[in-house]
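Residues per chain, in single letters:
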Amino acid sequence: MRDVIICRCEEVTLSQLEEIIKHHDPSARELKLRTRAGMGICGGKTCRPLLDKVLQKLTDKPPTDDIPLKVQPPVRPTSLAQLGGSGDET
Amino acid sequence: MQKHDAVIIGAGPAGLNAAIALRKHDLNVLVIDEFPHLGGRLLGQLHEEPNGEWWNGIKEAEKLVNEAKALNTEMLTNVSVHHIQRKDGAFVVHTNRKNYEAKNVLIATGAAETANPIPGWTLPGVMTIGAAQVMTNVHRVRVGEKGIVIGVNVLAAAIARELLLAGIRLHSLALPINNAVTDEQSHPKMVMERLSRIAHLAPSPLLRFGGKFAKYKWAQNIAVSFYPKKGINMWDVPIHLRKAVKEINGTEQVESVTMVDITKDGEIIPGTEEEIPVDFVCIAGGLYPLAELAAVVGVPFKYVEPLGGHVPVHNEKMETPVEGVYVAGNITGIESAKVARAQGKVAGLSIAFRMKKDAAIQKEIEKAMDEVKTTRDNATIQFHPEIARGRDDIHAQFNKYLNG
């Protein structure tokens, strides 16, 4: 059976994530940094809940109240001009 | 820069009804939505209620939009919010258009869909069931000639019917193959257990089949063990609990899926592969609260499974522990549009009270809070049977924040 892609932007597969989890018992952040899953241009729009689920299922840790991967602005794809304030800001 | 009394993010049932409440108290409101049309996910909804009446989301959205317009509510579409900053006791709402200042912010961003990732799910022609709903009911675009739905749950069943009403052919609804992510969505017993809780959604024969066994776990096991191999037909489309889609195939786009028989525990039965030609696939993995903006403005969270996962902490008045930040609708937990609409009114009134400190508004809030409860108790679609417990959990957490 073909592998399953979890993070589409960075093309990270389920078996890559499983391998890292097996060898490093990582936190959500470490899993992201080791694989780049969730770091693509969409900012984790699709894969965030999938990554949470993989980690929770394979490490058997109950979910914490804090969101596993910190949410950073901008939460939508945004041009640098807008962030720099050179747009039509009033 | 003009400072709005309230900026409302999300023009769905919660956001619109909040805006109406605020305008009735003559407060200055700006509603922002990133979709081209006002109404949020109401726009996609079309279903028959147990009493035989039809719920037409487009009509419901129109009613709210017209009422808001009659009250001269400022509403923007095609505008995305990407950040909310706290500034001198107020807020700056950053968008792709410009920044807006607000004394209060209501985050009514609704929910997003989770995927059931299986091999081939990134091929063109694979979409979430919600995307198929929007294409069909809002954009009036045919999603394909013949498709299959992967995932058996309340959302999948409701939208599958809408696709059928639009004349789109479906091979079946089937489970995703088991992996670390599809997990409980791929397990026949767990799926049956969940279905049995929505058995009151007659006239669906599948749900009636599950419903007979609703109360007893041992009976659910029997139902799964003896689940018909051909599936159970609902509106002439088979629903499978003992067949799973193992793979989605195609080179440039979806051409077929590979289906296998599974045991009552979700294990593949070898030698049962069957290739089914389809030109689109809908993935139905369920909903979770879309709460990124609450996170960036500093609202604390709590994990509450019955509400759909991580939910911003709030109380029954829709206040969060961050003064001036309010939440309403599916961001507070996955429930029906009617509950969202009722919550929106509470949030709008709570903001009005903060601005005016008028005791009469306090009375209105209490009445609106009762309406939320009544609406919840009468809901025909319950996404989770323990919603009420989940609600108690999150409200208790709010009090902890206030006292701690």
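This structure is a prediction, so every number in the text was calculated from the model and none was measured.

A. Broad picture of the interface of chain B and chain A. Taken residue by residue, the interface counts 38 residues in chain B and 36 residues in chain A. Counting across the interface, chain B meets chain A through 8 salt bridges. Between chain B and chain A we count 15 residue pairs in polar contact (both at pLDDT 80 or more) in total. Elements with a minimum of two residues in the side of chain B that touches chain A: β6 (81-87), β14 (237-249), α8 (292-296) and β19 (301-304) of chain B.

B. Local environment of the nonpolar core. If you look at the biggest cluster of nonpolar residues, it comprises 70 residues, and the most contacted ones within it are A:Ile6, B:Ile248 and B:Val281. Sequence-distant contacts of B:Ile248, that is, excluding residues within four places in its chain, are made with A:Arg2, B:Ile118, B:Pro119, B:Gly120, B:Trp121, B:Leu123, B:Val126, B:Ile150, B:Val254, B:Ser256, B:Val257 and B:Val281. Residues B:Ala19, B:Val31, B:Met318 and B:Ala347 belong to the second largest nonpolar core, which totals 41 residues.

C. Layout of the domain arrangement of chain B. By domain assignment, chain B separates into domain 1 (3-112 + 287-403) and domain 2 (115-283). Spacing between the C-alpha centres of domain 1 of chain B and domain 2 of chain B amounts to 31 Å.

D. Region of interest: the pairing of β19(B). Residue and element names in this part refer to chain B. As paired strands, β19 and strand β20 (residues 309-312) are joined by 4 bridges and run antiparallel to one another. Note that in β20 the partner of phenylalanine 301 across the bridge is proline 312. Linking two consecutive strands that pair antiparallel, namely β19 and β20, is a turn of 4 residues; a positive phi of about 110 degrees is found at glycine 308 within it.

E. Expanded view of the packing of helix α1 (residues 13-24) of chain B against helix α2 (residues 57-70) of chain B. Residues and elements named next belong to chain B. Closest axis-to-axis distance for the α1/α2 pair is 9 Å, and the angle between their directions is 25 degrees. Relative to α2, the element α1 is oriented roughly parallel. Where α1 crosses over α2, the handedness of that crossing is left-handed. Residues Pro13, Leu16, Asn17, Ile20 and Lys24 of α1 pack against Leu64, Val65, Glu67 and Ala68 of α2. When its residues are assigned to classes, the contact of α1 with α2 shows 6 nonpolar, 1 polar and 2 charged.

F. Fine view of the packing of aromatic side chains. Summed over the entire model, instances satisfying the criterion amount to 0 aromatic pairs over all chains. If you follow A:Arg8 out to its NZ or CZ, it ends over the ring of B:Trp121, 5.3 Å from the centre.

G. Quick peek at the environment of B:Ala294. Residues and elements named next belong to chain B. Relative to the elements of secondary structure, alanine 294 occurs in helix α8. As a C-alpha pair, alanine 294 and leucine 163 span 131 residues in sequence and 34 Å in three-dimensional space. Each residue touching alanine 294, except ones within four places of it in the same chain, is listed here: Ile107, Val299, Phe301, Pro312 and Ile331.

Cut-offs applied
- Residues numbered from 1 in each chain as written.
- Chains lettered and ligands numbered in written order.
- Predicted model: local features only at pLDDT ≥ 70, side-chain atom pairs only at ≥ 80, totals over all residues.
- Heavy atoms only, no water.
- Contact = heavy atoms within 4.5 Å.
- Salt bridge = Lys/Arg side-chain N within 4 Å of Asp/Glu carboxyl O.
- Polar contact = N/O pair within 3.5 Å; in protein donor to acceptor, adjacent residues only side chain to side chain.
- Helix = DSSP H or I, 4+ residues; strand = E, 2+ residues; numbered from the N terminus.
- Core = buried A, V, L, I, M, F, W, Y, C linked by side-chain atoms within 4.5 Å.
- Buried < 20%, exposed > 50% of the residue type's maximum accessible area, 1.4 Å probe, protein only.
- Domains from an automatic or database assignment.
- Pairing = 2+ DSSP bridges.
- Axes fitted to C-alpha atoms, helices over the stretch in contact; angles between N-to-C directions.
- Parallel < 35°, antiparallel > 145°, perpendicular 65-115°, else oblique.
- Left-handed = near helix turned anticlockwise from the far one by under 90°.
- Nonpolar A, V, L, I, M, F, W, Y, C, P; charged D, E, K, R; others polar.
- Phe/Tyr/Trp six-rings, centres within 6.5 Å; stacked < 30°, edge-to-face > 60°.
- Lys NZ or Arg CZ within 6 Å of the ring centre and 35° of its normal.

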